[in-house]
Amino acid sequence: MKIGFIGLGIMGKPMARNLLKDGHSLVVYDVVPAMVDAMAGAGMERGESCADVARRSQLVITMLPDGPEVEQAILGPGGVLEGVQADCTVVDMSSISPMVSQKVGRACAAKGVAFLDAPVSGGEPKAIDGTLAIMVGGEKDVFEKMVPILRLMGSTVTLTGGVGAGNVTKLANQIMVACNIAAMGEALELARSCGVDSEVVFNAVKAGLAGSTVLNAKAPMVIARNFKPGFRIRLHKKDLRNALLTAESKGVVLPLTSVVQQMLTALVNHGKGDLDHSAIVTYIEDMSSIWSAAT
């Protein structure tokens, strides 16, 4: 299949490479020319714009930071819908507001173009391995047609409902991950302050009820003080903002999410926005240090 891929950042680049490995031909575009140069050197064709990518593709995948970028890339001047053919499918794999996904889906439908929202979870390591969890919203027949392609990038591909449901599921995922990391940070800081080694605590609890994929992935990073980004704090802040805005529109109360969002905001304001989201624990550590100094 001739696949167009728009958005070659920390996640998009390895996802595109996995499609290429399976023998598909790709035409790619990013607003950062150096990103396109790197992928063109790896055997992909260079797209001149989002419309140009769509004009040359049977399937267009977008992997972009947030809703405004998705709207610009698909709906804006020089966007996908300016070049797309009626038999093309557009799959947005960005993590954005479900309301934006539905807006884009309606615009695609008006042009006779099939659309799925298919955000992912797993960060850069799973993007590289092709083992992402992919949460999809859209029509069942479109989903079934796209499953073989999506499975080249993810180990689980789940249809969660109509257009927008994929991003509702991703927001739920991001709430659970962020609150999990924050709770882990509190637990490890308590252990440290009591003179108990954090690694010992991690090894003691990981096989019990407190064990989780989040704990197994992030506790070793915290213990090693390795905050190299697999998923950046500023992006998780964006996801929780979208969760809170969606909750507000539905009259849903998310008190824990609100608290963790404030932690993320503080970290971004202190220049930590490009650290891995495991660095949420540094907010708790810093607050503990301030409290200890004050008492």
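Residues numbered from 1 in each chain as written. Predicted model: local features only at pLDDT ≥ 70, side-chain atom pairs only at ≥ 80, totals over all residues. Heavy atoms only, no water.

**Considerations on the side chain of Lys170**
For clarity, the cut-off: Elements are defined by DSSP. Helices are runs of H or I of four residues or more, strands are runs of E of two residues or more, and each kind is numbered from the N terminus. The buried label goes to any residue with under 20% of its type's maximum accessible area, the exposed label to any with over 50%, and the partly exposed label to all in between, with areas taken from a 1.4 Å probe on protein chains only. In this tally Asp and Glu are treated as negative and Lys and Arg as positive; neither His nor the chain ends contributes. When a carboxyl oxygen of Asp or Glu lies within 4 Å of a side-chain nitrogen of Lys or Arg, that pair is called a salt bridge. Here, two residues are considered to be in contact whenever any of their heavy atoms come within 4.5 Å of each other.
Secondary-structure assignment places Lys170 in helix α9 (residues 165–193). One buried charged side chain, Lys170, makes no salt bridge at all; its nearest oppositely charged neighbour is Asp239, positioned 4.4 Å away. Excluding anything up to four places from it in sequence, Lys170 contacts Ser95, Pro119, Val120, Met135 and Asp239.

**Quick look at the environment of Thr62**
Short version of the rule: Identification of polar contacts relies on pairs of N or O atoms within 3.5 Å, with a donor-acceptor requirement for protein atoms, meaning one able to donate a hydrogen and the other able to accept it, and with residues adjacent in sequence counted only if both atoms are side-chain atoms.
Relative to the helices and strands, Thr62 resides in strand β4 (residues 59–62). Separated by 141 residues in sequence, Thr62 and Asn203 place their C-alpha atoms 39 Å apart. Excluding its chain neighbours within four sequence positions, the residues that come into contact with Thr62 are Ile6, Ile74, Val91, Asp92, Met93 and Ser94. There is a polar contact of 2.7 Å between the side chain of Thr62 and the side chain of Asp92.

**Overview of the pattern of salt bridges**
The full count for this structure, using the stated rule, is 13 salt bridges. Two residues, Lys2 and Glu45, come together in a salt bridge whose shortest N-O distance is 3.4 Å. Here Glu45 lies in strand β3 (residues 45–46) and Lys2 lies in strand β1 (residues 2–6), a separation of 43 residues in the sequence. The exposure class assigned to Glu45 is partly exposed, which follows from its relative accessible area of 33%. Between Arg225 and Glu285 there is a salt bridge; the shortest N-O distance is 2.8 Å. One end of the pair, Arg225, is in the loop between α11 (213–224) and α12 (233–250); the other, Glu285, is in helix α14 (residues 280–294), with 60 residues separating them in the sequence. Exposure remark for Glu285: the relative accessible area of 18% places this residue in the buried category. If you follow the salt bridges from partner to partner, you end up with Lys2, Glu45, Asp52 and Arg56 in one network.

**Some points on the side chain of Asp117**
Tracing the backbone shows Asp117 in strand β6 (residues 114–117). No salt bridge is formed by the buried Asp117, whose closest oppositely charged neighbour, Lys170, lies at an N-O distance of 11 Å. Every residue in contact with Asp117, bar those within four places of it in the chain, is listed here: Asp92, Ser101, Met135, Val136, Gly137, Gly162, Val163, Gly164, Ala165, Gly166 and Asn167.

**Some points on the nonpolar core**
Applied cut-off: Here, nonpolar core refers to any group of buried Ala, Val, Leu, Ile, Met, Phe, Trp, Tyr and Cys residues whose side-chain atoms link them within 4.5 Å.
Residues Phe5, Met15, Met93 and Ile134 are the most contacted members of the largest nonpolar core, which totals 32 residues. At the level of secondary structure, the elements contributing two or more residues to this core comprise β1, α1 (12–21), β2 (25–29), α2 (33–41), β4, β8 (132–137) and α8 (140–150). Per element, the largest residue contribution to this core is six residues, and it comes from α8. Look past the residues within four positions of Ile134 in its chain and what remains in contact with it is Met93, Ala118, Pro119, Val120, Leu150, Met153, Gly154, Thr156, Val157 and Thr158. Grouped together as the second largest cluster of nonpolar side chains are 22 residues, Val27, Cys50, Val53 and Val90 included.

**Re α8**
Quick reminder of the rule: Each direction from the helix axis to a C-beta atom contributes to the arc, which is the arc of those directions.
Within the sequence span of α8, burial applies to Val142, Phe143, Met146, Val147, Ile149 and Leu150. Looking down the long axis of α8, one finds its buried residues gathered within 160 degrees of arc, a one-sided arrangement. Projecting away from the buried face of α8 at angles above 90 degrees are the exposed residues Asp141, Lys145 and Pro148.

**Remarks on the packing of α9 against helix α13 (residues 255–269)**
Our working rule: Simply put, an axis is a line fit to the C-alpha atoms, just over the touching stretch for a helix, and the angle between two N-to-C directions goes from 0 to 180 degrees. Roughly parallel means an angle under 35 degrees; roughly antiparallel, over 145; roughly perpendicular, 65 to 115; everything else is oblique. It is the rotation of the near helix from the far one that decides the hand of a crossing: anticlockwise by less than a right angle makes it left-handed, clockwise makes it right-handed. When residue character is reported, Ala, Val, Leu, Ile, Met, Phe, Trp, Tyr, Cys and Pro are called nonpolar, Asp, Glu, Lys and Arg charged, and the others, Gly included, polar.
Relative orientation of the contacting elements α9 and α13 amounts to 65 degrees, with a least axis distance of 10 Å. On the basis of the axis angle, α9 is roughly perpendicular to α13. Note that α9 runs across α13; the crossing there is left-handed. On α13, the residues that touch Ile175, Ala178, Cys179 and Ala182 of α9 are Leu256, Thr257, Val260 and Met263. Of the residues contributing to the contact of α9 with α13, the split by class is seven nonpolar, one polar and no charged.

**A word on the environment of Pro229**
Mapped onto the elements of the fold, Pro229 is located in the loop between α11 and α12. Separated by 48 residues in sequence, Pro229 and His277 have C-alpha atoms that sit 7.4 Å apart. Those residues in contact with Pro229 that sit more than four places away from it in its chain are Ile10, Glu124, Asp274, Leu275 and Asp276.

**Here's the deal with the packing of α12 against α13**
At a closest axis distance of 9 Å, the pairing of α12 and α13 adopts a crossing angle of 145 degrees. Note on packing geometry: the crossing formed by α12 with α13 is left-handed. Together, Ile233, Arg234, His236, Lys237, Leu240, Arg241 and Leu244 of α12 and Thr257, Ser258, Val260, Gln261, Leu264, Thr265, Leu267 and Val268 of α13 make up the contact between the two elements.

**Details of unusual backbone geometry**
The backbone phi angle of Arg225 is positive, close to 55 degrees, even though this residue is not glycine. The class of Arg225 is partly exposed, set by a relative accessible area of 43%.

**Topic: helix α4 (residues 67–75)**
Taken as a whole, α4 has its buried residues at Gly67, Val70, Ala73 and Ile74. Buried residues of α4, seen end-on, are gathered within an arc of 130 degrees and therefore sit on one face of the element. Check the buried side of α4 and you find it contacts α3 (50–55), β4, α5 (80–83), β5 (89–92) and α6 (98–110).

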